[in-house]
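# A structural walkthrough
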Amino acid sequence: MRQDHIISAKQLSRRDIEAVLDRAAEIAADPSAYADRHEGSLLGLLFFEPSTRTKMSFSAAMKRLGGDIVDMGTVESSSVKKGESLADTVRVVEGYADALVLRHPSEGAAQMASEFVDAPLINAGDGAGQHPTQTLLDLYTIRENAGFDDLSIGIMGDLKYGRTVHSLAHALTVFDARQHFVSPESLQLPRSVRYDLHESGAEVREHTDLDDVLSELDVLYVTRIQKERFPDESEYHEVAGEYQIDAATIREHNEDLTVMHPLPRVDEIDHDVDELDGAQYFQQAHNGVPVRMALLDMVLEESR
Amino acid sequence: MRQDHIISAKQLSRRDIEAVLDRAAEIAADPSAYADRHEGSLLGLLFFEPSTRTKMSFSAAMKRLGGDIVDMGTVESSSVKKGESLADTVRVVEGYADALVLRHPSEGAAQMASEFVDAPLINAGDGAGQHPTQTLLDLYTIRENAGFDDLSIGIMGDLKYGRTVHSLAHALTVFDARQHFVSPESLQLPRSVRYDLHESGAEVREHTDLDDVLSELDVLYVTRIQKERFPDESEYHEVAGEYQIDAATIREHNEDLTVMHPLPRVDEIDHDVDELDGAQYFQQAHNGVPVRMALLDMVLEESR
Amino acid sequence: MRQDHIISAKQLSRRDIEAVLDRAAEIAADPSAYADRHEGSLLGLLFFEPSTRTKMSFSAAMKRLGGDIVDMGTVESSSVKKGESLADTVRVVEGYADALVLRHPSEGAAQMASEFVDAPLINAGDGAGQHPTQTLLDLYTIRENAGFDDLSIGIMGDLKYGRTVHSLAHALTVFDARQHFVSPESLQLPRSVRYDLHESGAEVREHTDLDDVLSELDVLYVTRIQKERFPDESEYHEVAGEYQIDAATIREHNEDLTVMHPLPRVDEIDHDVDELDGAQYFQQAHNGVPVRMALLDMVLEESR
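The following refers to the structure shown. This structure is a prediction, so every number in the text was calculated from the model and none was measured.

Attention shifts here to a negative patch on the surface. All names here are of chain A. On the surface, Asp209, Asp211, Asp212, Asp232, Glu233, Glu235, Glu238, Glu242 and Glu252 cluster together to form a negatively charged patch. The element best represented in the negative patch is helix H8 (residues 233-242), accounting for 4 residues. Here Glu238 shows up in helix H8.

In structure tokens form, the structure reads like this:
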């Protein structure tokens, strides 16, 4: 990779992505070989909105490399409350760490912040924008379970607001995957994303019924439909109830299906799915560690 | 020990307990011999309710073993707020760490959570339930100061709601201690605990007045009486005032008394007691570090 | 240094200060020589009020020395809420760490707390009181940029309430600096501080207009004027607007000026100043790391 800031999955070529996934696979196969690799290095964590999972995963990744973290803590306890600009905050924190991870509620925040610092900055989610390490761990999980050759993937749930979904869909275009989007009409892909995918030459189909496509899929990527998206609750329950999956359905239609989910799940994946071999959503979360180790390893190497 | 999850002091035999206390004593005598023992290991901290003391003590213990922590942070900042189940949370965090510590407001939470993970899980308090590492550090402190031979211990204060007290009382039965419970009538041991102790063949007596028994005690374990337990404040002050101890009383009745308290104290132990040799409550808190080091050392060894 | 607690810059002689700054300069020149120096040591962080910058800086400093931290977290999550006294809290935490850092809203808290512990305690700010490590990093930055020989420094903004300013002004007297205080009349130095400075034989002048003195200065130390100090907002805007600096003014009157600020800034330093060579406020924040490393190194050495 020539970039040291990691802002968006879109900035990464197929070759870049494969380099990260290869490194992650190497790390997963023999973590002890990387245990002292970045001893003495510090990763600055700037989380302007809560995100336990992502924060713990980055912390674990940095510590598994022999490094350590310096954490800004919550916004409530920070100088942000005294009116400090994001540009000033990152320029200060840059002095405390060798690389930075930024989570921020505003789209574009990571790109803007990266222009003010020399230390490599990794976007850990900027509002409705990008979350490239989530995309990389999703790709890693797909590759480990189904591979990218002749891949057929279904993406189900809230496709309208799901940042994770848009970013993954875009990244999958470089692997020539057949993408099936399954959602209620009110939560279909935004026009801009659909346009983007068509421009990239992606093979994309939209469905309102999972049954239409379930048997053809290698992977089903499920996302949570949020109650807040619906004007009245009864409508939510009606819609959400149709975009759930359970073990009986999988056993009947597609025993080899790999099931993924960015988590947290509520009830869109029935707990009886947990016992199936194809239930990979916890492993998917765990894959965040080697993938982030790989990425951190590469940007810290780069910035030396 | 054959268990790798540590849920309740009750699961530990006398032999198990002595193994932990012996290891803790070894560590306290020469901490440097353990300083690199778990280098590269990570302990996941899941505190679903605040507990500074316990959290700092586990953190220090893990770091004194050469390891490090990965902290979920507060519930407010976690996926729990998005409706994630405890079972899902622990299965995710298991991927970030080699062992887990769980503090949760609901009785039984640790037992339930432990059924979903392979990594060893240590209960750091589950509501009105168990808090086995507190019991172990209490036992360690008693052994260091008075020994278990022919031990006579007084336990004073809120005996009705005090989880710490119930767990300690039960553990003391395996050491054949004479136990004197001193409290106002409204805060006596719950019937179920009293029954439990009698079943275990414990030698137990109840008192409403400390003077009746003070001179016979080797150890006095004081707990805080909480204002919230009383319908009106004047009643609280009247009762609380009688279950306090000061230096003059100790000097007069029992100069060799060891005084313990799980802390924080408010005014049930007068500050003039701090200067006495028998005032062991700060040392008791400090003992949490070698005791937790011992336990972590044993479960991490076990789980390899 | 003969002290192991660091409570106030006033306790440090010129020789003490120079020893810290020399050590900090050594560290900054070759940090890797100090990377394993305090391996296995733990620093307890007790922040009773938020202070991201100071907390991250101490964390980075301790970790850059090979050590680690044990953090009390926020007051909301601590035993303080259960009515524990500060004296009890520090005596407990002393058992978890080799040195303590205390931030507290009450003036005198650090001095009081230090009387209860054997481990070295460093004051990281006590209300309107002292914040000695801020003063040391300010002095370090001044020495690196202008030196103390024949130094002429301007201190501008809120001189009435600014703890940072009082402490720095006092410390500068031992270096025989010429000090120019620039502020609106309503925010001039408190009489007690002015008296103190005169007693120390300091060469001090007060101004209401920066233009009167700008061209003679080696360093301009800017502080934020807080809206809350003014009864009505229009008055604030009028006053604050006069105590701002921009690049054009510096280029016109004093091209070699070093500009400092304890941060966070709001608009008292225009963003166009950031590009000037003399803009040292971010570097000043970064200097907190080697300065705190030096101080931690010295107190940990001392306490062995």
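Having seen it, we continue.
All names here are of chain C. Mapping Arg53 onto the fold places it in helix H2 (residues 52-64). The class for Arg53 is buried, based on a relative accessible area of 13%. Separated by 10 residues in the primary sequence, Arg53 and Lys63 have C-alpha atoms spaced 15 Å apart.

This brings us to the pattern of salt bridges. Note on pairing: side chains with opposite charge can pair once their charged atoms come close. Taken as a whole, this structure holds 57 salt bridges over all chains when the rule is applied. In this structure, C:Glu84 engages B:Arg53 in a salt bridge whose closest nitrogen and oxygen atoms are separated by 2.8 Å. Placement of C:Glu84 in the loop between strand S2 (68-71) and helix H3 (86-93) and of B:Arg53 in helix H2 (residues 52-64) is noted, with the two residues assigned to different chains. Each of A:Lys63, A:Asp68, B:Lys63, B:Asp68, C:Lys63 and C:Asp68 takes part in a single network of salt bridges with overlapping partners.

Here we come to the interface of chain B and chain C. On the side of chain C, 25 residues touch chain B, which itself brings 22 residues to the contact. Here chain B meets chain C over a buried area of about 2,000 Å², counting both sides, of which 55% is carbon and sulfur. A salt bridge links C:Asp68 to B:Lys63; the nearest nitrogen and oxygen atoms lie 3.1 Å apart. Between chain B and chain C we count 10 residue pairs in polar contact (both at pLDDT 80 or more) in total. Secondary structure elements with two or more residues in the side of chain B that touches chain C: H2 and helix H10 (281-302) of chain B.

Its rotation angle being 120 degrees, the transformation that places chain B on chain C also includes 0.1 Å of axial translation and leaves an RMSD of 0.1 Å. In the structure described here, the two chain copies are related by an operation that fits a three-fold rotation axis. When you check the interface residues of chain B against chain C, a mere 5% turn up at the interface there too, and the two sides of the contact use different surfaces.

Looking now at the sheet that holds strand S4 (residues 121-126) of chain C. Pairing in this open sheet of 4 strands is parallel, and the strands run S2-S1-S3-S4 (chain C) from one edge to the other. Each end of this open sheet is capped by a strand with a single partner; those strands are S2 and S4 of chain C. Here the average twist between neighbouring strands, direction ignored, is 20 degrees. With 5 bridges connecting them, strand S1 (residues 42-47) of chain C and strand S3 (residues 99-104) of chain C associate as parallel partners. Each residue of the ladder has a partner; that of C:Leu46, found in S3(C), is C:Leu102. With respect to the sheet, H2(B) is in contact with S1 and S2 of chain C, its orientation differing from that of S2(C) by roughly 165 degrees. Packed on one face of the sheet, H3(C) meets S1 and S3 of chain C and runs near 150 degrees to S3(C).

Reading the values: the criteria
- Residues numbered from 1 in each chain as written.
- Chains lettered and ligands numbered in written order.
- Predicted model: local features only at pLDDT ≥ 70, side-chain atom pairs only at ≥ 80, totals over all residues.
- Heavy atoms only, no water.
- Patch = residues over 30% accessible without salt bridge, like charges linked within 9 Å, V, L, I, M, F, W, Y side chains within 5 Å.
- Areas by Shrake-Rupley, 256 points an atom, 1.4 Å probe, with all protein chains shown as cover.
- Salt bridge = Lys/Arg side-chain N within 4 Å of Asp/Glu carboxyl O.
- Lys, Arg positive; Asp, Glu negative; His and termini not counted.
- Charge placed at Lys NZ, Arg CZ, Asp CG, Glu CD.
- Helix = DSSP H or I, 4+ residues; strand = E, 2+ residues; numbered from the N terminus.
- Buried < 20%, exposed > 50% of the residue type's maximum accessible area, 1.4 Å probe, protein only.
- Contact = heavy atoms within 4.5 Å.
- Buried area = accessible area lost by both parts, 1.4 Å probe.
- Polar contact = N/O pair within 3.5 Å; in protein donor to acceptor, adjacent residues only side chain to side chain.
- Least-squares fit on C-alpha atoms with pLDDT ≥ 70 in both.
- Pairing = 2+ DSSP bridges.
- Axes fitted to C-alpha atoms, helices over the stretch in contact; angles between N-to-C directions.

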